[in-house]
Amino acid sequence: MIQNLALLAKWWWRFSNDKDSLWVKVIRGKYNLDQRCWLPHLPNSGQVTTIWRDICSIGNASSGIGAIIQAGFKVQVGSGQETLFWDHIWLGEVALKEVYPRLFRISTQKEQVISVVKEGAGDGCWNLSFGRQLYDWEDLQKVELQQRLQSVALDSSKKDALQWIWSTDKSFSVKSVYDNWEQLVQVKNEVLGSLWKNLSPLKVEIFSWMAIQGRVATRSLLVSTNMLEEGPLSKCPFCITFEETPKHLFLHCKFSWNTWSLIVVWWQMLWVCPPSLADLAKWWFDNRFRSLERHIWEVTFFATLWSLWLARNDLVFNNVSRSASEVGDQIKTRVAMWMKAKFEIKVYSVEDFKCFLGGIRKLKL
């Protein structure tokens, strides 16, 4: 199966590098695909052949292979005339619209290529345009984005080109896909093996195990199994902007990112949002805490995933919307209740856990 997916991924490479080939022109014409798209994708409407659907859907494949393929293709910017500023992956590991969803939502340049956004700006500056005046926290994001863009220099003599980052020569190969998948499996097996802690309810640990593998029933999974049509109903219910994949729902959505950040601050720590749930779990469980502190830290991971899922379901099925701070409070409550039930910590109340974690975590069992 893995080798078949890797072979199909080769068509992604050919689609971007054989733009003048007859078959590419036929596909673009048949499905009315944007000439600026680098990778194959399904049309917004109409019938699609089985083979083209299979080629387009490999990015959603399970077992981690889909993530490897999606992350492997990155645009090397030259003139910036063929690469969309917000939509394409060219600065970092994900598209800018996923890193800065709020700025993307209010941008007036959603369909603009990089060269247009840069046009007329001085060295290190970019002409970012928005539909309204930014709030203070949005302005901070804009400053952060501008700082990231300072290192970008366009070269009008070079064309933009798609690269395969998993090979030293930046060219696609089936072997590089398989090698990276083997490394991922090794890391994921280590991570998945570390989940069975018997600290939270069994169903929560099973759910977390499935979420890390991308096997929970998010809307992207329902689309891939033809149980839901791709479109507005397949978007994340929190942000209503991006596809609801497990990685987006539990990690990269602004709502989820804010929730994780609140919990990390509760622990008086700092963090950097990782590229995947497996990476987050690896960082979370490779901690140096001891005794009760370690147990509380680890159960916090389970409580956060579970609380985000319940908040998502409340919104989808009951139309009940919660803020990140409300979900954060639910996470703290679950951590306290699960720890009190596990270790019979009767002296401290749930509120004590929520308000005085710094002291309780230093206790010895």
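The text that follows walks through the structure, step by step, so that each part is easy to find.

Rules behind the numbers
Residues numbered from 1 in each chain as written. Predicted model: local features only at pLDDT ≥ 70, side-chain atom pairs only at ≥ 80, totals over all residues. Heavy atoms only, no water. Salt bridge = Lys/Arg side-chain N within 4 Å of Asp/Glu carboxyl O. Buried < 20%, exposed > 50% of the residue type's maximum accessible area, 1.4 Å probe, protein only. Helix = DSSP H or I, 4+ residues; strand = E, 2+ residues; numbered from the N terminus. Axes fitted to C-alpha atoms, helices over the stretch in contact; angles between N-to-C directions. Parallel < 35°, antiparallel > 145°, perpendicular 65-115°, else oblique. Left-handed = near helix turned anticlockwise from the far one by under 90°. Contact = heavy atoms within 4.5 Å. Nonpolar A, V, L, I, M, F, W, Y, C, P; charged D, E, K, R; others polar.

## Remarks on the pattern of salt bridges
When the charged atoms of two side chains with opposite charge come close together, those side chains can pair.
Working step 1: Counted according to the given criterion, the structure contains 18 salt bridges.
Working step 2: Between E243 and K235 there is a salt bridge, and its shortest N-O distance comes to 3.0 Å.
Working step 3: You can call E243 partly exposed: its relative accessible area is 25%.
Working step 4: The exposure class assigned to K235 is partly exposed, which follows from its relative accessible area of 23%.
Working step 5: With its nearest N and O atoms 3.2 Å apart, the salt bridge here joins R294 to E298. Highlighted residues: R294 and E298, both in helix α15 (residues 291-318), separated by 4 residues, approximately one helical turn.
Working step 6: The class for E298 is buried, based on a relative accessible area of 2%.
Working step 7: Among the charged side chains, a salt-bridge network with shared partners connects D34, R36 and E111.

## Here we look at the environment of G66
Working step 1: Position of G66 among the secondary structure elements: in helix α4 (residues 65-72).
Working step 2: Sequence separation of G66 and A9 is 57 residues, and the distance between their C-alpha atoms is 9.5 Å.

## Description of the packing of helix α13 (residues 254-266) against helix α16 (residues 324-343)
Working step 1: The N-to-C vectors of α13 and α16 enclose an angle of 50°; their axes lie 9 Å apart at closest approach. By the angle class used here, α13 and α16 are oblique. Here the hand of the crossing between α13 and α16 comes out right-handed. Between α13, through F255, N258, T259, L262, I263 and W266, and α16, the contact on the second element is made entirely by A324, S325, V327, G328, I331, K332 and V335.
Working step 2: Along the lines of polarity and charge, the residues of the contact of α13 with α16 split into 8 nonpolar, 4 polar and 1 charged.

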